[in-house]
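# Architecture at a glance
Listed below, chain by chain, are the residues.
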Amino acid sequence: TLILRTSAGMARAAREGRYCGGIGSIGYKVEGKKQTARLAVSDDLMWRTWSESDVVRQIFGWSAFDGWSCRRIAEHLNSLGVPTAYQLAGRSVRKKRTRGEWTPGRIRQILTATIYKGVYQYGKRGKGVIIEAAVPAIVTDEVWDAARETLARHNGRPKHAKNIFLCRSIIVCGVC
């Protein structure tokens, strides 16, 4: 009974748009506590004159408008010296220090997260229903969709292959 009531309460809080805990997304900060906790766009400086939300907008711009791959965006951010969110917070993962570098995988996570177009999703990691709530958007739907199209264009390209095969990722074996 306790577990059912707790999960029902968390689901209700998520539907109301309250922040339900966990690691926050870069570009957002939590305003308020407990019953009044909400996600808001972060204007905290992250690098030089860029705030966290500016870094997110820049990542989406490079992908959507310039057609950059996740690898190129990560390399560019590292070459500029832009710190990661974990570096800024002085955090570690499972008691191990992080490398403090932008990775293509992290860039892809940012570009595929619906929170940046204003849709917060709660319950993605569980086996239950995903609950969506509105939050302030950092990028427009058009920019978010354009970035997703760029990801799709880069998806089938081999990273270090010497040959390009026309049927790559189209033909799979019967087991796969």
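Computed from a predicted structure; not experimentally measured.

The secondary structure content of the chain amounts to six helices and eight strands. N-terminal to C-terminal, the α/β element order of the chain is α-β-β-β-β-α-α-α-β-β-α-β-β-α. Per-residue burial for the chain yields a buried fraction of 34% across its 176 residues. Contacts in the chain between residues far apart in sequence, at least 24 positions, make up 51% of those at least 6 positions apart. Counting every atom, the chain has about 12,000 Å² of accessible surface; 52% of that belongs to carbon and sulfur.

With their axes 10 Å apart at the nearest point, helix α2 (residues 52–64) and helix α5 (residues 104–112) run at an angle of 90° to one another. Classified by the interaxial angle, the pair formed by α2 and α5 is roughly perpendicular. Where α2 abuts α5, its residues V56, I59, F60 and S63 lie against I107, I110 and L111. The residue makeup of the contact of α2 with α5, split by class, is six nonpolar, one polar and no charged.

By size, the foremost hydrophobic cluster in this structure holds 41 residues, and its most contacted members are I59, F60, W102, I107 and Y116. Secondary structure elements with two or more residues in this core: α1 (2–15), β3 (45–47), α2, α3 (70–80), α5 and α6 (141–155). The biggest single contributor to this core is α2, with six residues.

What follows is about the pattern of salt bridges. Under the defined criterion, the tally for this structure stands at two salt bridges. With a shortest N-O distance of 3.0 Å, E16 and R18 are connected by a salt bridge. We classify R18 as buried; its relative accessible area is 13%. The partner of D54 in a salt bridge is R57, and the shortest N-O contact between them spans 3.1 Å. In this pair, D54 and R57 both sit in helix α2, three residues apart, roughly one turn of the helix. Residue classification places D54 among the partly exposed residues on the basis of a relative accessible area of 27%. A residue is classified by how much of its surface remains accessible, and R57, at 36% relative accessible area, is partly exposed.

On average, residues of the chain carry a pLDDT of 86, and 90% of them reach 70 or more. Averaged over each element, pLDDT in the chain is lowest for strand β5 (residues 92–93) (60) and highest for α2 (96).

In this section: the side chain of T114. Examined against the element boundaries, T114 turns out to sit in the loop between α5 and β7 (119–122). Excluding residues that lie within four positions of it along the chain, T114 makes contacts with V119, Q121 and W144.

Cut-offs used in this document
Think of each chain on its own: its residues are numbered from 1, step by step along the sequence as written. Selection of residues for local features in this predicted model requires a pLDDT of at least 70, selection of side-chain atom pairs for listing and counting requires 80 or more, and totals for whole chains, interfaces and linings are taken over all residues. With hydrogens and water set aside, each side-chain value is computed from the structure's full complement of heavy atoms. Secondary structure counts use DSSP, requiring at least four H or I residues in a row for a helix and at least two E residues in a row for a strand, with both numbered from the N terminus. The cut-offs for exposure are 20% and 50% of the maximum accessible area for each residue type, with area from a 1.4 Å probe on protein chains only; residues under the lower value are buried, those over the upper are exposed, and the others partly exposed. What makes two residues a contact is simply this: any of their non-hydrogen atoms within 4.5 Å. Residue-level accessible areas treat just the shown protein chains as cover; the underlying method is Shrake-Rupley with a 1.4 Å probe. Orientation is described by lines fitted to C-alpha atoms, with helices fitted over the stretch in contact, and by angles between N-to-C directions that extend from 0 to 180 degrees. Any angle that falls under 35 degrees is termed roughly parallel, while one over 145 is termed roughly antiparallel, one within 65 to 115 roughly perpendicular, and all others oblique. Lys, Arg, Asp and Glu make up the charged group, whereas Ala, Val, Leu, Ile, Met, Phe, Trp, Tyr, Cys and Pro make up the nonpolar group; the residues left over, Gly among them, are polar. Residues enter a nonpolar core if they are buried and are Ala, Val, Leu, Ile, Met, Phe, Trp, Tyr or Cys, with the set joined through side-chain atoms within 4.5 Å. Basic side-chain nitrogens of Lys or Arg form a salt bridge, by our definition, when they fall within 4 Å of a carboxyl oxygen of Asp or Glu. The predictor reports its confidence for every residue as pLDDT, a score running from 0 up to 100.

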